[in-house]
Amino acid sequence: MPDSVLIVRQILTVWNYDYIFDYVFHQSGLIELKVSSTGYVAVTNYLDGSTIKHGYIINDHWMATANLHQHIFNFKLDLDIKGTKNNFKTINLKSEEFPANNFSGGNPWPQMVMEEFLVKNEHDAAIRYSFDKPKFYVVYDNTLNQSGYRILSNHFHNTALPDSSPLLMGGASWVKYQLAVTKFKESERTTISEFVQGDPFNPAVKFDDFIADNDTLESEDLVAWVTVGLHHIPTYEDLPVTTTPGKTLSVILAPFNFFEKDPAIHSRDAAVFFHELTNITDSYLHLDNTCTVPNEKPSVY
């Protein structure tokens, strides 16, 4: 079926850049948070021609150099999954070797398996993503089937800066973590304050302090902080403005055993085919009072 979505958009202008934020609500219950970067690049004079460590010339007439930089964003996700008593778990994916069999040609047979790990405190929930150790990240309630939402992104970011960087030790300490989960506190509203540019080395708000007290996360009101970003090396093609393709980042909240089935099946746009011997009731496909269009019988063959 075609996916009809609701998009809530806001555009923020920060200095020389415009950031387009889209909050996309899918019929499947999936929520997508997207941000695209555009604007004009800031330049400096290319004086002695001795190095290109910090950027390329993008205008031959003015000998203007646009510097290497990063765009990094943090999304605060205050998740209340069927209430405020939630837990956080990782589902670790790894290989496990099984005995040789006929199917494997008599060789040992490595297979992918998963194991759940309940994250009990904030120190363990301050995550630096490793592609060598793939994981699922899920916030869930205390019911038997652990109804929850998975947090995922293909745009986790590595700054390439060491932890000893004064910025990462100060106002940008949140950049170190691709994902962090903390206990909700009214005083911990944002990762930084609006004054951080005035003194980034002695910030009024320091994200590392959120984690330092190492609160327990079991059956608590939880907040997830997700960091995504990109490195930008400007080129001639960034004139006159930087285009958004290739510079769009996203964070996805995907239902994880939250619904009994895909809720999109109730859409009036759904085309569902069943065998004539299959006993399917109308309520399986359509919920009452969801649309003024009359219910349609499913097609059979």
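Residues numbered from 1 in each chain as written. Predicted model: local features only at pLDDT ≥ 70, side-chain atom pairs only at ≥ 80, totals over all residues. Heavy atoms only, no water.

Here we look at the sheet that holds strand β5 (residues 55–59)
What counts here: At least two bridges found by DSSP between two strands is the condition for calling them paired. Numbering goes from the N terminus for both helices and strands, where a helix is a DSSP run of H or I of at least four residues and a strand is a run of E of at least two. Between N-to-C directions, angles cover 0 to 180 degrees, with each direction set by a line fitted to C-alpha atoms, over the stretch in contact for helices.
One open sheet holds the three strands; their spatial order is β4-β6-β5, and the pairing between them is antiparallel. Sheet topology places β4 (43–45) and β5 at the edges, where each strand pairs with a single neighbour. Ignoring strand direction, the axes of neighbouring strands in this sheet form an average angle of 45°. Two elements, β4 and strand β6 (residues 64–67), share three bridges in a ladder whose sense is antiparallel. Counted as the bridge partner of N45 is A64 from β6.

Section: the environment of L217
In plain terms, the rule: Contacts are assigned to residue pairs with any non-hydrogen atoms lying within 4.5 Å of each other.
Following the sequence through the fold, L217 ends up in the loop between α2 (207–212) and β14 (222–232). When the C-alpha positions of L217 and E122 are compared, they lie 6.8 Å apart, and in sequence the two are 95 residues distant. Apart from the residues lying within four places of it in its own chain, the contact partners of L217 are N86, N87, V119, K120, N121, E122, A125, V181, T182, K183 and L222.

Observations regarding the layout of surface pockets
What counts is decided by this rule: A cavity here means a set of 1 Å grid points, computed over protein atoms only, where a 1.4 Å probe fits but cannot escape. A pocket is an open set with protein on both sides within 12 Å along at least 5 of 7 lines, and lining residues have an atom within 4 Å of a point. Grid points are joined across faces, edges and corners, and a volume is the space filled by probe spheres set on the points.
One number sums up the size of the largest pocket: a volume of about 1600 Å³. Lining of the largest pocket is provided by 47 residues; of these, Y19, Q70, I72, W174 and Q197 occupy positions nearest its centre. Elements that contribute at least two residues to the lining of the largest pocket include exactly β1 (6–14), β2 (17–25), β4, β6, β7 (69–79), α1 (166–169) and β14. Of the residues forming the lining of the largest pocket, the biggest block, eight residues, is contributed by β7.

Considering the sheet that holds strand β8 (residues 87–98)
Reading across from one edge, β1-β2-β3-β15-β12-β11-β8-β9 is the order of the eight strands in this open sheet, with antiparallel pairing throughout. Looking along the sheet, the strands with just one partner apiece sit at the ends: β1 and β9 (109–119). Geometrically, the sheet is characterised by an average inter-axis angle of 20° between neighbouring strands, direction not taken into account. Across five bridges, the pairing between strand β12 (residues 148–152) and strand β15 (residues 248–256) is antiparallel. Within the sheet, the bridge partner assigned to L152 lies in β15 and is I252.

Observations regarding the confidence of the model for the protein chain
Worth spelling out the cut-off: As a per-residue quantity, pLDDT reports the predictor's confidence and falls between 0 and 100.
Per-residue confidence for the protein chain gives a mean pLDDT of 89; residues scoring 70 or more make up 89%. Every residue in residues 291–295 scores below 50 in pLDDT, and together they form six contacts with partners more than four places removed in sequence or on other chains.

With respect to the pattern of salt bridges
Applied cut-off: Just to be clear on terms, a salt bridge is a Lys or Arg side-chain nitrogen sitting within 4 Å of an Asp or Glu carboxyl oxygen. To sort residues, take the accessible area from a 1.4 Å probe on protein chains only and compare it with the maximum for the residue type: under 20% means buried, over 50% means exposed, and anything in between is partly exposed.
All told, the structure shown has seven salt bridges when counted by the stated rule. Residue K94 pairs with E115 through a salt bridge whose shortest N-O separation is 3.4 Å. Residue K94 is located in strand β8, and its partner E115 is located in strand β9; the two are separated by 21 residues in the primary sequence. Overall, K94 belongs to the partly exposed group, its relative accessible area being 40%.

Quick word on the packing of aromatic side chains
Counted only if it meets this: Pairing of aromatic side chains requires ring centres within 6.5 Å, counting the rings of Phe and Tyr and the six-membered ring of Trp. Pairs whose planes differ by under 30 degrees are stacked, by over 60 edge-to-face, and all others tilted. Criterion for a charge above a ring: Arg CZ or Lys NZ at most 6 Å from the ring centre, at most 35 degrees from the ring normal.
According to the stated counting rule, one finds 15 aromatic pairs in the structure shown. With 4.9 Å between their ring centres and 85° between their planes, Y129 and F131 make a pair best called edge-to-face. Take Y129: its relative accessible area is 23%, and that puts it in the partly exposed class. When its relative accessible area of 68% is taken as the criterion, F131 is described as exposed. Measuring from ring centre to ring centre gives 5.7 Å for F210 and W225, while their planes differ by 55°; the resulting arrangement is tilted. Placement of F210 in helix α2 and of W225 in strand β14 is noted, with a sequence separation of 15 residues between them. Like W225, F210 is buried. Grouping aromatic residues by their ring pairs yields a cluster made of Y17, Y19, F21, F73 and F75. The ring centre of F258 lies 5.2 Å from the NZ or CZ of K82, which sits over that ring. Just above the ring of Y140 sits the side chain of K89; from NZ or CZ to the centre is 4.9 Å.

Some details on a nonpolar patch on the surface
The criterion, for reference: The patch calculation keeps residues exceeding 30% relative accessible area without a salt bridge and links them within 9 Å when they carry like charges or within 5 Å when they are nonpolar (Val, Leu, Ile, Met, Phe, Trp, Tyr). Residue burial considers only the protein chains on display, and all accessible areas are found by Shrake-Rupley using a 1.4 Å probe.
Where nonpolar side chains cluster on the molecular surface, the patch consists of I52, Y56, L68 and I233 and spans about 400 Å² of accessible area. Tracing the chain through its elements places Y56 in strand β5. With relative accessibility at 42%, the residue Y56 sits in the partly exposed group.

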